[in-house]
Amino acid sequence: MDVVEMHRRASEEFVRQVAAVRPDQWDAPTPCADWDVRDLVNHVVGEERWTVPLLAGQTIEDVGDSLDGDLLGDDPASAAAHAARAAQNSVTEPVLTGKTVQLSYGEEQAAEYVCQLAADHLIHGWDLAVAIGAQARLDPQVVDGIAAWFKDREELYRGGGAIGDRVEGSTSAEGALLGAFGRDPGWTPGHAAVAALGAAFGRGDVDGIMAQLTSDCVFESTSPPPDGGRFVGAEAVREQWESLFGGTDEPLFETEEWFVLGDRGVVRWRFSWRDADGQRGHVRGVDVLRLRDGKVAEKLSYVKG
């Protein structure tokens, strides 16, 4: 499949996914940890808006900051559709005539630039679909085309920090390509909740912790033995974290490992503090989590004795 057709199919699928976003989903987490749904869509629309002037011969300096900020307005679906259509119309002639384009790293062939765009649309289309609970439809021919193109570029992308560590284990062409781009093909909003929960514990951020818990959450602490204390509901659970962080000298939670499988998650952690003698003590433990609707509904904590 030629690159123009790959770009068209990938961008049209992305537009289809944008049209499926419900009003209450724009702030939902995505596999891109720093972006919610609106951020992700704005990023891709920004790429499409950049495509037209760059392929027309303008430089990054020529465009300047005119495409900074929010590009979605009050109608993100229309903004995405219009930007995609304009980008699609701009790629054919430069690719067929072998033109070049000025990118952030220098001069590049238009065909290579359009391959980059097709890949970004394909992967971010999957990101968007799983973030909103929609069916991800990765065109098999586009997957094969991007996989062949990306094979010799993967380490360059990873070395430059553009993608995360490779995720192994998938036997499908689609899953293998997602893994090459640092995606876990089994990602769910629960993955985002567990990651955000760990980060909030690391900051000692009680508000951030509670934002990842359901209103009827259950927490079982590690003490007193043998079963620990059991606390039900956001108010009771919040009191435990406020007491822990407020009553401990230099508390620090560090996540050692975590995984999510379906509606269950497991986190290995290390908790340390400054004792009365000025020395740091620590314990290591495990949380067994139950997830519901992209949040943590149950957190059962166990510690090494």
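Residues numbered from 1 in each chain as written. Predicted model: local features only at pLDDT ≥ 70, side-chain atom pairs only at ≥ 80, totals over all residues. Heavy atoms only, no water.

Peer 1: Account for the overall build of the chain, with residues named and values stated.
Peer 2: Helices and strands together make up the secondary structure of the chain, namely eleven helices and eight strands. Principal axes of the C-alpha set define a box for the chain whose edges measure 75 × 40 × 40 Å. Buried positions account for 44% of the 305 residues belonging to the chain. Carbon and sulfur atoms make up 49% of the accessible area of the chain, which totals about 15500 Å². (Helix = DSSP H or I, 4+ residues; strand = E, 2+ residues; numbered from the N terminus. Buried < 20%, exposed > 50% of the residue type's maximum accessible area, 1.4 Å probe, protein only. Areas by Shrake-Rupley, 256 points an atom, 1.4 Å probe, with all protein chains shown as cover.)

Peer 1: Just give me the short version of the nonpolar core, but keep the residues and values in it.
Peer 2: By size, the foremost hydrophobic cluster in this structure holds 39 residues, and its most contacted members are L122, I146 and F181. Every element with two or more residues in this core is listed here: helix 1 (3-19), helix 2 (37-55), helix 4 (76-96), strand 1 (100-103), helix 5 (110-132), helix 6 (140-150) and helix 8 (173-180). The element contributing the most residues to this core is helix 5, with twelve residues. Residue contacts for L122: discarding those within four places in its chain leaves A10, L138, V142, V143, I146 and L177. Among the nonpolar cores identified, the runner-up in size contains 21 residues, and V194, L213, V267 and L289 belong to it. (Core = buried A, V, L, I, M, F, W, Y, C linked by side-chain atoms within 4.5 Å. Contact = heavy atoms within 4.5 Å.)

Peer 1: Please provide a residue-by-residue account of the environment of G182, values included.
Peer 2: In this fold, G182 is placed in the loop between helix 8 and helix 9 (189-203). A sequence separation of 91 residues divides G182 from W273, and the C-alpha atoms of the two residues are 34 Å apart. Apart from the residues lying within four places of it in its own chain, the contact partners of G182 are R158, G164, D165 and V167.

Peer 1: Describe the packing of helix 4 against helix 5, naming the residues involved and giving the relevant values.
Peer 2: For the pair helix 4 and helix 5, the least separation of the axes is 8 Å and the interaxial angle reads 145°. Here helix 4 contributes V91, P94 and V95 to the contact with helix 5, which in turn contributes A110, A111 and V114. (Axes fitted to C-alpha atoms, helices over the stretch in contact; angles between N-to-C directions.)

Peer 1: Before we move on, can you summarise the sheet that holds strand 4 (residues 230-232) with the specific residues and values?
Peer 2: With respect to topology, six strands assemble into an open sheet ordered 4-3-8-7-6-5, the strand pairing being mixed. A single partner strand is all that each edge strand has here, and the edge strands are strand 4 and strand 5 (252-261). The average angle at which neighbouring strand axes cross in this sheet is 15°, direction not considered. Bridge count between strand 5 and strand 6 (residues 264-274): nine bridges; the pairing is antiparallel. By the bridge assignment, T255 is partnered in strand 6 with W269. In the packing of helix 11 (residues 234-246) onto the sheet, the strands contacted are strand 3 (213-220), strand 4, strand 5, strand 6 and strand 8 (295-303), and the crossing angle to strand 3 comes to about 60°. (Pairing = 2+ DSSP bridges.)

Peer 1: So, the environment of S223: which residues are in play, and what are the values?
Peer 2: Secondary-structure assignment places S223 in the loop between strand 3 and strand 4. Sequence separation between S223 and C115 is 108 residues; the distance between their C-alpha atoms is 56 Å. Beyond its immediate stretch of four places on either side in the chain, S223 contacts G228 and G229.

Peer 1: Quick rundown of the packing of aromatic side chains? Include the residues and the values.
Peer 2: Describing an aromatic ring pair means giving the distance of the ring centres and the angle of the ring planes. If you walk through the whole model with that rule in mind, you get 13 aromatic pairs. Between F253 and W269, the aromatic rings sit 5.5 Å apart at their centres with planes inclined by 75°, giving edge-to-face as the arrangement. Here W269 lies in strand 6 and F253 lies in strand 5, a separation of 16 residues in the sequence. Of the two residues examined, F253 and W269, each falls in the buried class. Taken together, the aromatic side chains of F201, F219, F231, W241, F245, F253, W269, F271 and W273 make up a single cluster linked through ring pairs. (Phe/Tyr/Trp six-rings, centres within 6.5 Å; stacked < 30°, edge-to-face > 60°.)

Peer 1: Got a sec to walk through the side chain of E108? Specific residues and values, please.
Peer 2: Its place among the elements puts E108 in strand 2 (residues 106-109). Buried and without a salt bridge, E108 has R153 as its closest oppositely charged side chain, separated by 7.1 Å. A distance of 2.8 Å separates polar atoms of two side chains, one belonging to E108 and the other to Y105. Ignoring sequence-local partners within four residues, the contact set of E108 consists of K99, T100, V101, L103, Y113 and Q116. (Lys, Arg positive; Asp, Glu negative; His and termini not counted. Salt bridge = Lys/Arg side-chain N within 4 Å of Asp/Glu carboxyl O. Polar contact = N/O pair within 3.5 Å; in protein donor to acceptor, adjacent residues only side chain to side chain.)

Peer 1: I'd like a rundown of the pattern of salt bridges, residues and numbers included.
Peer 2: Counted by the stated rule, this structure contains 27 salt bridges. Among the ionic pairs, R292 bridges to D216, the shortest N-O distance being 2.6 Å. Here the residue R292 occupies a position in strand 7 (residues 280-292), and D216 occupies one in strand 3, the gap between them amounting to 76 residues. A single salt-bridge network, built from bridges that share partners, covers E5, R8, R9, E12 and D139.

Peer 1: Residue-level account of the side chain of Q212, with values.
Peer 2: Within the fold, Q212 resides in the loop between helix 10 (206-211) and strand 3. Given the relative accessible area of 16%, Q212 is considered buried. Beyond its immediate stretch of four places on either side in the chain, Q212 contacts A193, A196, L197, K295 and V296.

Peer 1: Can you tell me about helix 1, naming the residues and giving the values?
Peer 2: Each α-helix turn comprises 3.6 residues. Residues three or four places apart therefore point the same way. Taking 1.5 Å as the rise per residue, helix 1 with 17 residues should run 24 Å; its terminal C-alpha atoms sit 25 Å apart, in good agreement. All buried positions along helix 1 are accounted for by V3, V4, M6, H7, A10, S11, E13, F14, V15, Q17 and V18. Buried residues along helix 1 sit against helix 2, helix 4, helix 5 and helix 6. The residue sitting at the N-terminus of helix 1 and contributing the capping side-chain oxygen is D2; that oxygen lies 3.0 Å from the backbone nitrogen of V4. (Expected span 1.5 Å × (residues − 1).)

Shape is all these values report; function is a separate question.
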